[in-house]
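Spelled out from the first residue to the last, the chains are:
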Amino acid sequence: MDALPDNDAQVRNRRGILIPLLLVGLAACALGLRGCCAVPASAQAEGPRAQQSPCVYEFPIFNTFAILKAWVPEKQADDAAKEVTTILRELHHRINLFDPESELAALNRTASAEPFRCSDELWALLQECRRAWRETDGAFDVSVGPLMRLWGHHRKRETLPSAAEITEALGLIGLQQVTFDDAKHTVRFPKPGMYLDFGGIAKGYALQLVVDVLRDRGITPALVDLGGNVAGRGVP
């Protein structure tokens, strides 16, 4: 058999290099948390204030990629990153509107028929939603779900909504219509078709949870980016 031309051989050589690299990348994604931490020995000896290079972690969450940077020793950063990813994944699973197994999906499915008892975690988020609704005089309203769906934000729509459809959807919106039992931590919708959508608050709320973890662990400086939603502590 004739030898391959030089350019074909180069292509095969590149494939031989790229395919293993791709498999390594896929394996890292499957693990969910990728991190690196380059800390000079001098910085480790002098303490976290002398550290110039942050520990950096990347992980998928909320249908985007999160990045956590912490200018602290590696062990301290690793422990915080593990706690942060656990908290965020639990939150995402709990409030994912499009996951039929999520707690939010169960609330939206059943709250018009009977009061839905919330977990402590979901109830805490609902209190922030209620506070935002009060402080904005109703401008921020997580019961906007029917209107979001009508305009194609939740599923593709080829035509504009009619005036009648908009009127009908507006009748299903308004947090003042929802019954919250503060003693029992239950939610009740007065009519079928109402549902909550945390899209306007989820990442901001998640950022606050991350900042709380960093504060409790004494980690500063630090920076977290949830798909463009950013929070930080201290100055590197």
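This text follows the structure it describes.
A few points on the structure. Being a predicted model, the structure only gives us computed values, none of them experimental.

**A look at the pairing of strand 2 (residues 55–61)**
Argument step 1. With 5 of 7 residues buried, strand 2 lies mostly within the body of the structure.
Argument step 2. Where strand 2 and strand 3 (residues 64–70) come together, 7 bridges link them in antiparallel fashion. Looking across to strand 3, one finds that Ile61 is bridged to Thr64.
Argument step 3. In sequence, strand 2 turns back onto strand 3 through a hairpin of 2 residues, with Phe62 there showing a positive phi of about 55°.

**A word on the sheet that holds strand 6 (residues 186–188)**
Argument step 1. Within the open sheet, the 3 strands sit side by side as 4-6-5. Their pairing is antiparallel. Each edge of the open sheet is held by one strand with a lone partner, namely strand 4 (116–117) and strand 5 (179–181).
Argument step 2. Against the sheet, helix 5 (residues 120–135) contacts strand 4, strand 5 and strand 6, and its axis sits at roughly 130° relative to strand 5.

**Some thoughts on the environment of Ile166**
Argument step 1. Its place among the elements puts Ile166 in helix 7 (residues 163–170).
Argument step 2. Residue class for Ile166 comes out partly exposed when judged on its relative accessible area of 23%.
Argument step 3. Ile166 sits 19 residues away from Leu147 along the chain, and the two C-alpha atoms are 7.3 Å apart.

The rules behind each value
- Residues numbered from 1 in each chain as written.
- Predicted model: local features only at pLDDT ≥ 70, side-chain atom pairs only at ≥ 80, totals over all residues.
- Heavy atoms only, no water.
- Buried < 20%, exposed > 50% of the residue type's maximum accessible area, 1.4 Å probe, protein only.
- Helix = DSSP H or I, 4+ residues; strand = E, 2+ residues; numbered from the N terminus.
- Pairing = 2+ DSSP bridges.
- Contact = heavy atoms within 4.5 Å.
- Axes fitted to C-alpha atoms, helices over the stretch in contact; angles between N-to-C directions.

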